[in-house]
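Examination of the molecular architecture
Chain residues, written in single-letter form:
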Amino acid sequence: MADLSVKYLSLELKNPCIIASSPLTADIDGLVRCEKAGAGAVVLKSIFEEQITSQVEKELDENEQYLTHADAVPYFEQISKDYYINRYLDLVRKAKKELSVPVIASVNCTDADAWTEYIRSFEAAGADALELNYYPMSADWRTEGSRVDRLAADFAARVRSACSIPVSVKIGCEYSSLAWIIRQMDHSGVDGLVLFNRFYRPDIDIENMTLTKAANPLSSADEYAESLRWIALMSAEVRLDLAAATGIHSGETVIKMLLAGASAVQICSAAIKDLGVISEVNSTLEDWMNRHGFSTVSEFRGKLAQENMSDGSRWERVQYIKKLMGE
Ligand SMILES: Cc1cc2nc3c(=O)[nH]c(=O)nc-3n(C[C@H](O)[C@H](O)[C@H](O)COP(=O)(O)O)c2cc1C
């Protein structure tokens, strides 16, 4: 029988399917359901610096007496922030108590120094690893692309040196040089990268002429191509682990990601629609490995990474040169 186990961020996973940070992983009931569905690991719903800051501001507005005492404001800010962090720490502890699969905490912040102490507390609460959900929206034309890339790499390096559990960074694909960032993060000792996050997308309600959120926040099954390409391009070039994310809805896509060199995959939308996708993915993978005579994932992982192919330059192809019809 094929052995589906993989190593990701030095953690032993019984299979490569990780439930991505999402509403499914926001409370203990959801987390238990993910484990029962067969997940190899879970990433907790992120704690957001931005959300805490805006919540604290709202509470300050509602408690005007604090605003009249200048000294009381930082004190109030601190206890409010601690309250949200403690709630998250509770989730980490409960998850560690109830689950046997690895639990990865997830934080979204941009100020690594201000968060160092909190990041260490996630480690102390028992998190097996930390995922940084990092994305600075660079809409300011005065900031050069290379500066944005450098900030991302520096941020990851600072967090990496602040804690001793494995650290991964979940990034989007909108950087001026993805290959450079991936290599920099590898050099700074980051243990893994998640390629790629899929972000919240604003839309326009044309009747009311107002901003709204996109009608469907979930991905579709054909959105995996960019993750597949970058995993194939980089997996054999770096020491760190790559987890594939976005558009992973089937066992076939998981097999493609592993062939490209991913160490694991993260599934969100397909699992929100039906958690049964995890057992479907694992049985498709097992059946495929048996048919192809592979007894472990390491026997075929990275077989189609660019470095391991004689015609690997095909992964860099971006233009349709021939006519689509009658090619
Ligand atoms: C409703 C919703 C909430 C999400 N919340 C988070 C989050 O808190 N942190 C995070 O890193 N990613 C979050 N994501 C992104 C997912 O983890 C995932 O990376 C993305 O949806 C792409 O994967 P998919 O195609 O399998 O959905 C969220 C996605 C959705 C749809």
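Going by the structure above, here's the rest.
Residues numbered from 1 in each chain as written. Predicted model: local features only at pLDDT ≥ 70, side-chain atom pairs only at ≥ 80, totals over all residues. Heavy atoms only, no water.

**Some details on the overall build of the protein**
- The helix and strand inventory of the protein stands at 11 helices and 13 strands.
- Considered along the principal axes of its C-alpha atoms, the protein spans approximately 70 × 45 × 45 Å.
- Within the protein, the fraction of its 327 residues that count as buried is 50%.
- Sequence separation of at least 24 residues holds for 70% of the intrachain contacts in the protein that already meet a minimum separation of 6. (Helix = DSSP H or I, 4+ residues; strand = E, 2+ residues; numbered from the N terminus. Buried < 20%, exposed > 50% of the residue type's maximum accessible area, 1.4 Å probe, protein only. Contact = heavy atoms within 4.5 Å.)

**Remarks on the site of the ligand**
- Not every one of the 18 residues close to the ligand is listed here, only the nearest: Ser21, Ser46, Ser219, Gly247 and Ser269.
- Here the ligand, which alone exposes 610 Å², has 89% of that area covered by the protein.
- By residue class, the composition of the shell around the ligand is seven nonpolar, eight polar and three charged. (Near = heavy atom within 4 Å. Areas by Shrake-Rupley, 256 points an atom, 1.4 Å probe, with all protein chains shown as cover. Nonpolar A, V, L, I, M, F, W, Y, C, P; charged D, E, K, R; others polar.)

**Considerations on the pairing of strand S9 (residues 192-195)**
- Burial along S9 is two-sided: the face carrying Gly192 and Val194 and the face carrying Leu193 and Leu195 are both buried.
- Pairing geometry for strand S8 (residues 167-171) and S9, over four bridges, is parallel. Note on S9: the bridge partner recorded for Ser168 is Gly192.
- Summarising the sheet, S9 and strand S12 (residues 241-245) pair through four bridges and their orientation is parallel. Residue pairing in the sheet places Leu195 in a bridge with Ala244 of S12. (Pairing = 2+ DSSP bridges.)

**A short note on the pattern of salt bridges**
- What the rule picks out here adds up to 11 salt bridges.
- In this structure, Asp140 engages Arg142 in a salt bridge whose closest nitrogen and oxygen atoms are separated by 3.1 Å.
- Of the charged contacts, one joins Asp311 and Arg314 as a salt bridge, the two residues approaching to 2.9 Å between their closest N and O atoms. (Salt bridge = Lys/Arg side-chain N within 4 Å of Asp/Glu carboxyl O.)

**Quick word on the environment of Asp191**
- Among the structural elements, Asp191 can be located in the loop between helix H7 (178-187) and S9.
- Separated by 95 residues in sequence, Asp191 and Glu286 place their C-alpha atoms 27 Å apart.
- Not counting residues up to four positions away in its chain, the partners in contact with Asp191 are Leu9, Arg160, Pro166, Val167, Leu240 and Asp241.

**Some remarks on helix H2 (residues 49-62)**
- Compared with an ideal rise of 1.5 Å per residue, which puts 14 residues at 20 Å, H2 spans 20 Å between its outermost C-alpha atoms and is within 8% of the ideal.
- Of the residues making up H2, those classed as buried are Glu49, Ile52, Val56 and Leu60. Down the axis of H2, the buried side of the element spans an arc of 75 degrees, and every buried residue falls inside it. Across H2 from its buried face, at more than 90 degrees, point the exposed residues Glu50, Asp61 and Glu62. (Expected span 1.5 Å × (residues − 1). Arc of directions from axis to C-beta.)

**Regarding the pairing of strand S11 (residues 210-213)**
- Note: strand S10 (residues 202-205) against S11, four bridges, orientation antiparallel. Residue pairing in the sheet places Asp203 in a bridge with Thr212 of S11.
- Hairpin connection, S10 to S11: the antiparallel pair is bridged by four residues, and Met209 has positive phi, about 50 degrees.

**Comments concerning the packing of helix H8 (residues 225-234) against helix H9 (residues 251-260)**
- Close contact between H8 and H9 brings their axes to 8 Å; oriented N to C, the two are set at 25 degrees. Relative to H9, H8 is oriented roughly parallel. Touching Ser227, Leu228, Ile231 and Ala232 of H8 are Lys256, Met257 and Ala260, all from H9.
- When the residues that make up the contact of H8 with H9 are grouped by side-chain class, the tally is five nonpolar, one polar and one charged. (Axes fitted to C-alpha atoms, helices over the stretch in contact; angles between N-to-C directions. Parallel < 35°, antiparallel > 145°, perpendicular 65-115°, else oblique.)

**Description of the packing of aromatic side chains**
- Tallied over the full model, the rule gives eight aromatic pairs.
- Within the aromatic cluster, the residues linked to one another by ring pairs are Trp288, Phe294 and Phe300. (Phe/Tyr/Trp six-rings, centres within 6.5 Å; stacked < 30°, edge-to-face > 60°.)

**Topic: the nonpolar core**
- One finds Trp115, Phe122, Leu130, Met185 and Ile267 to be the most contacted residues of the largest nonpolar core, which totals 108 residues.
- A per-element tally of this core places helix H4 (residues 72-98) first, with nine residues.
- Not counting residues within four places of it along the chain, the set of residues in contact with Leu130 comprises Ile104, Ala105, Val107, Ile119, Phe122, Val159, Cys163, Ile165, Pro166, Val167 and Ser168. (Core = buried A, V, L, I, M, F, W, Y, C linked by side-chain atoms within 4.5 Å.)

**Thoughts on a negative patch on the surface**
- A cluster of like negative charges, contributed by Glu57, Asp61, Glu62 and Glu77, occupies part of the molecular surface.
- Sorting elements by how many residues they give to the negative patch places H2 first, with three residues.
- Mapped onto the elements, Asp61 comes out in helix H2. (Patch = residues over 30% accessible without salt bridge, like charges linked within 9 Å, V, L, I, M, F, W, Y side chains within 5 Å. Lys, Arg positive; Asp, Glu negative; His and termini not counted. Charge placed at Lys NZ, Arg CZ, Asp CG, Glu CD.)

**A short note on a nonpolar patch on the surface**
- A surface patch of nonpolar side chains, amounting to about 380 Å² of accessible area, comprises Ile204, Ile206 and Leu211.
- As for its position among the elements, Ile206 is in the loop between S10 and S11.

**Structural notes on the side chain of Asp241**
- In this fold, Asp241 is placed in strand S12.
- For the buried Asp241, no salt bridge is present, and the opposite-charge side chain at shortest range is Arg301, 5.6 Å distant.
- A distance of 3.4 Å separates the side chain of Asp241 from the side chain of Ser263, its partner in a polar contact.
- When residues no more than four places from it in sequence are discounted, the contact partners of Asp241 are Lys7, Tyr8, Leu9, Ser10, Asp191, Gly192, Leu193 and Ser263. (Polar contact = N/O pair within 3.5 Å; in protein donor to acceptor, adjacent residues only side chain to side chain.)

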